[in-house]
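# Geometric and topological summary
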Amino acid sequence: MIKVIAPAKINLFLDILGRLENGFHSLFMVMQAVDLCDEITVDKGEDGISLTCSDKRLPQDENNIAFKAAKAFFEATGIAPNAVIHIKKKIPFEAGLAGGSADAAAVIVGLDELYGTKLSKQAMCEIGLTVGSDVPFCIKGGTCIAQNRGEVLSRVKPLKKCYVVLAKPEKGVSTAQAFAAADQAYIYHPDNLKMLEACSNGDFDGICKHASNVFEQVIEVVERVRIKEVMRLCGARLYQMSGSGPTVFGIFDDKEKAENCFNELKNICNDVFLTKPVNYGAKIK
Ligand code: C5P
């Protein structure tokens, strides 16, 4: 049996540049993996693929993105499908934290190990992209600029030591609906080049200054103002929504301030996490 850990991601930056011919949107993002992780186990069993998940609200069949990832792995490698998958869920879903994509990434990494296929990261990313735009990043992990659908990834310098508090408001957001809302809106665009420069230079102050997420302009999250206010009062260097939301993250350079913020936010949200950036993606435990 192979165990894989699957880190969540946050978006330090997200801009929608336009529409690609395939219907997806062309993005410019800065993605960061954090140590809020699902745990996936993969093993061989009877013929075919079976999947269970600790969170019964998620599909336990072929509708789960992790199941689709297993199917894509077997199709790409030509191996007869045979996998028993279990997901221990910690990352909230419909949260803007790539929880589903992280599980899909972990399944591909786990099956590669289980079957000794020794696929390159790039090959695994290509399989991953067939099931979700964020899966390649979840395989690569760390700190990356992500372009096109999110699969063109360039690693940049890791963030300096810091703490990331995540607060997920109750109501989930569908990514497809968030993109549809963005299509209907006139969006003000942030300064991508300044963010690119800050990331290339590992300039933490510049990253905090130029961080932005255009989905904040089109997605309404009632608790967001309150969460951000708590983060600001607790001394966050940056507070912003992740992905298509609704999770808001705050970045702190001081552990005590982050812990204080974590405790304060527990009065507002059920799902609050104190995490750190990590420089890996889905990996064998
Ligand atoms: O690729 P993924 O399944 O995660 O995307 C969910 C939905 O978000 C897609 O169906 C699409 O509507 C939208 N999307 C997009 N452009 C991207 C990524 C996602 O339009 N680059």
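The rules we used
Residues numbered from 1 in each chain as written. Predicted model: local features only at pLDDT ≥ 70, side-chain atom pairs only at ≥ 80, totals over all residues. Heavy atoms only, no water. Helix = DSSP H or I, 4+ residues; strand = E, 2+ residues; numbered from the N terminus. Rg over C-alpha atoms; globule rule 2.2 N^0.38 Å. Buried < 20%, exposed > 50% of the residue type's maximum accessible area, 1.4 Å probe, protein only. Contact = heavy atoms within 4.5 Å. Areas by Shrake-Rupley, 256 points an atom, 1.4 Å probe, with all protein chains shown as cover. Lys, Arg positive; Asp, Glu negative; His and termini not counted. Charge placed at Lys NZ, Arg CZ, Asp CG, Glu CD. Pairing = 2+ DSSP bridges. Axes fitted to C-alpha atoms, helices over the stretch in contact; angles between N-to-C directions. Domains from an automatic or database assignment. Buried area = accessible area lost by both parts, 1.4 Å probe. Salt bridge = Lys/Arg side-chain N within 4 Å of Asp/Glu carboxyl O. Polar contact = N/O pair within 3.5 Å; in protein donor to acceptor, adjacent residues only side chain to side chain. Near = heavy atom within 4 Å. Nonpolar A, V, L, I, M, F, W, Y, C, P; charged D, E, K, R; others polar.

## Brief notes about the overall build of the protein
When you go through the protein residue by residue, the secondary structure sums to nine helices and twelve strands. Compactness check: the protein gives a C-alpha radius of gyration of 18 Å against a globular reference of 19 Å for 285 residues, within 12% of the reference. With respect to the principal axes defined by its C-alpha atoms, the protein has extents near 55 × 40 × 35 Å. Taking all 285 residues of the protein together, 56% fall into the buried category. Sequence separation of 24 or more characterises 75% of the internal contacts of the protein that already satisfy a separation of 6 or more. Here the protein displays about 12,900 Å² of accessible surface, and carbon together with sulfur accounts for 48% of that area. Charged side chains of the protein number 34 positive and 35 negative; the gap between the two group centres comes to 4 Å.

## Here we look at the sheet that holds strand β9 (residues 238-241)
Reading across the sheet, the four strands line up as β9-β10-β7-β11 and stay open at both edges, with antiparallel pairing between neighbours. The two strands at the open ends of the sheet, each matched to only one other strand, are β9 and β11 (271-275). The mean inter-strand angle of the sheet, taken between neighbouring strand axes irrespective of direction, is 15°. Taken together, the five bridges between strand β7 (residues 163-168) and strand β10 (residues 248-252) define a ladder with antiparallel strand orientation. Across the sheet, residue L166 finds its bridge partner in β10, namely F249. The sheet strands contacting helix α8 (residues 224-233) are β7, β9 and β10, and the helix crosses β10 at an angle near 5°. Contacts between helix α9 (residues 255-265) and the sheet are confined to β7, β10 and β11, with β7 contributing the most and set at about 10° to the helix.

## Quick notes on the domain arrangement of the protein
Looking at the assigned domains, one finds that the protein contains domain 1 (2-156) and domain 2 (163-275). One C-alpha centre belongs to domain 1, the other to domain 2; they are set 22 Å apart. Across the boundary between the two partners, domain 1 contributes 26 residues, which contact 38 residues of domain 2. Taken over both partners, the interface formed by domain 1 and domain 2 buries close to 2,400 Å², and the fraction arising from carbon and sulfur atoms is 68%. Close ionic contact of R19 with D183 constitutes a salt bridge, the shortest N to O distance being 3.1 Å. Here domain 1 is connected to domain 2 by 15 residue pairs in polar contact (both at pLDDT 80 or more). Among the secondary structure elements, those contributing two or more residues to the side of domain 1 that touches domain 2 are β1 (2-19) and β2 (25-43). The dominant element in the side of domain 1 that touches domain 2, judged by the number of residues it contributes, is β1, at ten residues.

## Quick notes on the site of the ligand
Around the ligand, the neighbouring residues are F24, H25, L27, G132, S133, R149, T175, A176 and F179. Residue H25 places a side-chain N or O atom 2.6 Å away from an oxygen atom belonging to the ligand. A distance of 2.6 Å is found between an oxygen atom of the ligand and a side-chain nitrogen or oxygen belonging to S133. A total of 450 Å² of accessible area belongs to the ligand in isolation, and the protein chains cover 72% of it. Considering each element in turn, the shell around the ligand owes the most residues, three residues, to helix α5 (residues 175-183). Split into classes, the residues belonging to the shell around the ligand amount to four nonpolar, four polar and one charged. Two domains each put at least three residues into the shell around the ligand: domain 1 (2-156) and domain 2 (163-275).

## Points about unusual backbone geometry
Cis geometry is found at the peptide bond from G245 to P246, where omega equals 5°. Along the chain, the position of P246 falls in the loop between β9 and β10. At A98, a position not held by glycine, the phi torsion is positive, near 60°. In this fold, A98 is placed in the loop between β4 (82-88) and α2 (99-114). Even without being glycine, N148 reaches a positive phi, approximately 60°. Inspection of the secondary structure assignment puts N148 in strand β5 (residues 143-148).

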